Amino acid sequence: MQLNSIQVREALPWDRLIKALDEIFTKNVCAPVRHHHSINVPNDPQATLLLMPAWLEGEYLGVKLVNVFPGNNARGLPGLNSSYMLSSGKTGAPLAQLDANELTARRTAAASALASTYLSREDSAELLMVGAGRMSRYLIPAHMSVRPITKVRVWNRHEEAAAHLVAELKADGIAAEVCPAALLQAGVECADIVSCATMSTEPLVCGDWLKPGAHLDLVGSFTPLMRETDNVAMQRSAVFVDVRAGALSESGDLIIPIRDGVITEEIIHAEFAQLCGGKHKGRADLDDWQNAITLFKSVGDAREDLAAAVLAYQQTVQSQG
């Protein structure tokens, strides 16, 4: 079975995908550290092969394969290609090959929405999307699927990109407007949920701007040199992550303030395994939970890929009768 990007999208509705992610973090999944391999390409920059395996014993095993070939840019070709192979955990027989670009984008957004169910206020009505790239188009509907969002503002350094996304949202019947590039602070101050998906290496969202009860969702900052928020936000917020080890080793939003002595690793209240397993109730366990500021930093995890691939496979088999 092969599932292209459209088929993967149709097989992963937000409600079922979020539930699948919630459940996978309560199971005994084996997810080794991802493999990085450098590949020499004649007359081109060095390429990278990433392998991200995970399995549920006796049920399913999967691996995401990502090829990063920087030289493709000069040819007008995508620099990144990825696919996901799902196999039987009993026989090893291949079950499905899925488009991993779509799978990764949807599970990333679903992870933010899952975190929101534990961390944002249930009455959150205003969402500020910081960044107007590909991920914003997944994060907005994912967040809207779990909270009664009535207004969406979009901020981007280049206002044309924000305006283009706002037009798309309005065409889908979503009340959306551009947050002017010079008015990011005002946008943050009004928002119940602030979701960031950028390539920024400098803080964009300042902690002093976050209102009581706000929730900050950080999706970018996937290298030690990237940041989307400042030290104050880390100090003011109750910090949660998808995977503690990954967040502490990969994200500059945590690595830099820890290195500077502003915070310590102990600032992290819980990771998904604790939230989904009921060991920490998220916002409900915080002092002054109504006014507490929560922060969720995600870096991605192979368990999320496996959960999404299994769901897409099962949904497709069911639809085929």
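The structure we're discussing is the one just above.
The following refers to the structure shown. (Residues numbered from 1 in each chain as written. Predicted model: local features only at pLDDT ≥ 70, side-chain atom pairs only at ≥ 80, totals over all residues. Heavy atoms only, no water.)

## Looking at helix 9 (residues 252–259)
Then comes step 1: Listed in full, the buried residues belonging to helix 9 are Gly-252, Asp-253, Leu-254, Ile-256 and Pro-257.
Then comes step 2: In this structure, the buried residues of helix 9 make contact with strand 11 (215–218), helix 7 (231–236), strand 12 (238–241), helix 8 (244–250), strand 13 (268–271) and strand 14 (294–297).
Then comes step 3: The N-cap of helix 9, judged by a side-chain oxygen 3.2 Å from the amide nitrogen of Asp-253 a few residues on, is Ser-251.
Then comes step 4: Looking one or two residues beyond helix 9, the residue adopting positive phi is Gly-261, at roughly 80°. (Buried < 20%, exposed > 50% of the residue type's maximum accessible area, 1.4 Å probe, protein only. Helix = DSSP H or I, 4+ residues; strand = E, 2+ residues; numbered from the N terminus. Contact = heavy atoms within 4.5 Å. Polar contact = N/O pair within 3.5 Å; in protein donor to acceptor, adjacent residues only side chain to side chain.)

## Regarding the environment of Gln-315
Then comes step 1: Secondary-structure assignment places Gln-315 in helix 11 (residues 302–319).
Then comes step 2: According to the relative accessible area criterion, Gln-315 is buried, its value standing at 17%.
Then comes step 3: On a C-alpha basis, the gap between Gln-315 and Gln-185 in space is 42 Å, while along the polypeptide they are 130 residues apart.
Then comes step 4: Residues in contact with Gln-315, not counting those within four places in the same chain, are Ala-11, Pro-13 and Arg-16.

## Examining helix 3 (residues 100–119)
Then comes step 1: Across its 20 residues, helix 3 extends 28 Å between first and last C-alpha, which sits within 8% of the 28 Å expected from 1.5 Å per residue.
Then comes step 2: Among the 20 residues that make up helix 3, 17 are buried, leaving the element largely enclosed by the rest of the structure.
Then comes step 3: In this structure Asp-99 caps helix 3, since a side-chain oxygen of it lies 3.2 Å from the backbone nitrogen of Asn-101. (Expected span 1.5 Å × (residues − 1).)

## Side note on unusual backbone geometry
Then comes step 1: The backbone of Asn-43 shows a phi angle near 65°, a positive value even though the residue is not glycine.
Then comes step 2: You can see Asn-43 is positioned in the loop between strand 2 (35–39) and strand 3 (47–56).
Then comes step 3: The residue Asp-288 is not glycine, and still its phi comes out positive at about 50°.
Then comes step 4: Looking at the element boundaries, Asp-288 is found in the loop between helix 10 (272–276) and strand 14.

## Some details on the packing of helix 4 (residues 136–144) against helix 5 (residues 159–171)
Then comes step 1: Their axes nearest at 11 Å, the elements helix 4 and helix 5 cross at an angle of 40°. One way to sum up the angle between helix 4 and helix 5 is to call them oblique. As helix 4 packs across helix 5, the resulting crossing turns out to be right-handed. Where helix 4 approaches helix 5, its residues Ser-136, Arg-137 and Ile-140 are matched on the opposing element by His-164, Leu-165, Glu-168 and Leu-169.
Then comes step 2: Tallied by class, the residues present in the contact of helix 4 with helix 5 amount to three nonpolar, two polar and two charged. (Axes fitted to C-alpha atoms, helices over the stretch in contact; angles between N-to-C directions. Parallel < 35°, antiparallel > 145°, perpendicular 65-115°, else oblique. Left-handed = near helix turned anticlockwise from the far one by under 90°. Nonpolar A, V, L, I, M, F, W, Y, C, P; charged D, E, K, R; others polar.)

## Some details on the layout of surface pockets
Then comes step 1: Of the volumes computed, that of the largest pocket is approximately 1,200 Å³.
Then comes step 2: Together, 40 residues line the largest pocket, and Thr-104, Met-135, Met-199, Val-219 and Phe-222 are the ones closest to its centre.
Then comes step 3: Broken down by secondary-structure element, the contributors of at least two residues to the lining of the largest pocket are strand 3, strand 4 (60–68), strand 5 (80–88) and helix 3.
Then comes step 4: With seven residues, helix 3 is the largest single contributor of residues to the lining of the largest pocket.
Then comes step 5: Here the lining of the largest pocket is built from residues that sort into 17 nonpolar, 15 polar and eight charged. (1 Å grid on protein atoms, 1.4 Å probe; cavity = no way out; pocket = protein on both sides within 12 Å on 5 of 7 lines; lining within 4 Å. Points joined across faces, edges and corners; volume = space filled by probe spheres on them.)

## Remarks on the side chain of Arg-107
Then comes step 1: Secondary-structure assignment places Arg-107 in helix 3.
Then comes step 2: Among the residues examined, Arg-107 registers a relative accessible area of 6% and is labelled buried.
Then comes step 3: One polar contact links Arg-107 to Thr-108, side chain to side chain, over a distance of 3.2 Å.
Then comes step 4: Reaching out from Arg-107, the side chain makes a polar contact with the side chain of Asp-305 at a distance of 2.7 Å.
Then comes step 5: Not counting residues within four places of it along the chain, the set of residues in contact with Arg-107 comprises Leu-17, Leu-21, Lys-64, Gly-300, Asp-301, Glu-304, Asp-305 and Ala-308.

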